[in-house]
Structures are given as C-alpha cells and as structure tokens.
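Chain and residue survey
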Amino acid sequence: MARRMTPAQARAALRRAQSQRKQAIDKYDRDVRAYNQKVRAHNARRKQAVEKLNREIRSYNTRVRQNQRRRNTELNRLRASTPSSSRYVVSVWTVQRSFDRLDVMGAGNLLQDDLFDLSEGEAANSAATLNALIARAEPSKTSETEIDALKQTTITSELSVFSTDLDQRWRGAIFSLDPRNPDAARHFCASAREMLAGLLTLAAPDDDVIKANPNFIKTPNGDVSRR
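Rules used in this analysis
- Residues numbered from 1 in each chain as written.
- Predicted model: local features only at pLDDT ≥ 70, side-chain atom pairs only at ≥ 80, totals over all residues.
- Heavy atoms only, no water.
- Axes fitted to C-alpha atoms, helices over the stretch in contact; angles between N-to-C directions.
- Helix = DSSP H or I, 4+ residues; strand = E, 2+ residues; numbered from the N terminus.
- Parallel < 35°, antiparallel > 145°, perpendicular 65-115°, else oblique.
- Left-handed = near helix turned anticlockwise from the far one by under 90°.
- Contact = heavy atoms within 4.5 Å.
- Expected span 1.5 Å × (residues − 1).
- Buried < 20%, exposed > 50% of the residue type's maximum accessible area, 1.4 Å probe, protein only.
- Polar contact = N/O pair within 3.5 Å; in protein donor to acceptor, adjacent residues only side chain to side chain.
- Arc of directions from axis to C-beta.
- Salt bridge = Lys/Arg side-chain N within 4 Å of Asp/Glu carboxyl O.
- Core = buried A, V, L, I, M, F, W, Y, C linked by side-chain atoms within 4.5 Å.

It is worth spelling out the packing of helix H7 (residues 164-176) against helix H8 (residues 184-203) at this point. Closest axis-to-axis distance for the H7/H8 pair is 8 Å, and the angle between their directions is 160°. When the axes of H7 and H8 are compared, the pair comes out roughly antiparallel. Taken as a pair, H7 and H8 cross one another with a handedness that is left-handed. Where H7 approaches H8, its residues Leu 166, Arg 169, Trp 170, Ala 173, Ile 174 and Ser 176 are matched on the opposing element by Ala 184, His 187, Phe 188, Ser 191, Ala 192, Glu 194, Met 195, Gly 198, Leu 199 and Leu 202.

The following block contains the structure:
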C-alpha cells in the first residue's frame, strides 16, 4: 500500500525530485562542456602540429631546392674552369661523387632529412670554396652578393659554447675567404685547421686518447696525433 503523504510532504518530495533532476542536468551540461573543451584543445593541438609539420616541410623543400641550385651552379663553374689534377680538385670531385652515390641509392629515404640536407649542403660548400680559391676574376667584377654568399655558414654560435677562441678562429677563417684577399686560401685553411685541431683537443684530450688507445698514433715529437 502506498504511503500516504500530506500536501506538505508531497511538495517537499516534488522539490527534491526537481533538485535531483536539476543536478543531473547540470552535471550532464558540465560533462558536455568538459568534453567539448577537450575536443577543442585536441583539435587546436592537432592543427598546430599540422601547421608546424607543413612549415617544416616547406622549409626543408626550400633548403633542398637552394642546395640543388647552388650545387649545380658551383659544379658548372668548376667544369668551366681550367682542368686540374691537384689534390684539392680531386678531393672536391670525390665529395661530389660520394654525394651522387648517396642520391642514387635513395639515401634521402634512409637518412634523416637533416642529415641528407647537410650532406648536399656540404657538397655544394666544397665546390663553392674551391671555385672561390681558383677564381681569377678581378675584384671589381666580384659582386657584394657573391662575396656575402661565399661567407655564409651554418655554424652560428655553436662553437662559442665550447670556446670563444674556436668561435673567433672560425669567424676569422670565413672573414678571410674573400676573392679580394690575395692570400685567402692560406688564411682560411690555417684558421680552419687550427679550429678543427682545437675542437678535437677539447672533445678528446690527450690523456683520454692515451687511456682509450695505448697504441695511439704519435706525432714526430711523440705527442698524440690529431690526424
């Protein structure tokens, strides 16, 4: 038998039912808003990730086209120059053939994009450097744009993390690489060699080399060779 309720009890029960219904609706609304907020946040993150990926792809494609154009330009200049069997010319063409093998093998699909990009950039840099060193153009015929391009480097502030002296030596090497400098080759090679030797010494001190390899290659003076 149903419990008999007074009008006051009935109104109280109705208010409780309405309150519970309102609480349920409010909870549902909060859950919906929270879900929608998560969806919007997810979509925003996804959009940002897609935009970032697209920017990186565009940037990479731009670098690839620039490297290809620059390398082709420098190789054409090198082919047009007087043939030489010097070790410098042989070395540059060895770098070019090595990169061509990477390209033919499809190494771009096997290596990380930045490694393949750097490989092609290095091939272009080697040809550009040799062209600058063997150029016989008059200083007045060398444009400022060409000189600026010659002094471009992907090394910005990385060397300064290890040593300010190494950073200055590299900047000095780049600064000397100017067609108007009659002794550019010697200045550049000397500074670059000292920078590389200093970097090797910092990365692998003599004591560490001797400990790791007691049969280390020695210099004529008996010191650790950096060759």
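We now examine H7. Compared with an ideal rise of 1.5 Å per residue, which puts 13 residues at 18 Å, H7 spans 18 Å between its outermost C-alpha atoms and is within 8% of the ideal. Taken residue by residue, H7 has Leu 166, Asp 167, Trp 170, Ala 173, Ile 174 and Ser 176 as its buried positions. Contacts made by the buried residues of H7 are with helix H6 (158-162) and H8. For H7, the N-terminal capping position is held by Ser 163, with its side-chain oxygen 3.2 Å away from the main-chain nitrogen of Asp 165.

What follows is about H8. With 20 residues, H8 should cover 28 Å at 1.5 Å per step; its first-to-last C-alpha distance of 28 Å lies within 8% of that length. Residues of H8 that are buried: Ala 184, Phe 188, Ala 192, Met 195 and Gly 198. Buried residues in H8, looked at end-on, bunch into an arc of 125°, giving them a common side. When the buried face of H8 is taken as reference, the exposed residues oriented beyond 90 degrees from it are Arg 186 and Arg 193.

Turning to the pattern of salt bridges, a few remarks are in order. If you walk through the whole model with that rule in mind, you get eight salt bridges. Note that Asp 26 and Lys 22 form a salt bridge whose closest N and O atoms lie 3.1 Å from each other. Of this pair, Asp 26 and Lys 22 both sit in helix H1 (residues 7-80), four residues apart, roughly one helical turn. Here Glu 74 makes a salt bridge to Arg 77, at a shortest N to O gap of 3.3 Å. In this pair, Glu 74 and Arg 77 are both assigned in helix H1, three residues apart and thus about one turn of the helix distant.

The next subject is the nonpolar core. Counting nine residues, the largest nonpolar core consists of Leu 159, Leu 166, Trp 170, Ala 173, Ile 174, Leu 177, Phe 188, Ala 192 and Met 195. When contributions to this core are tallied by element, the ones reaching two or more residues are H7 and H8. When residues of this core are assigned to their parent elements, the largest contribution, four residues, is made by H7. Beyond its immediate chain neighbours, meaning those up to four positions away, Ala 192 contacts Trp 170 and Ala 173.

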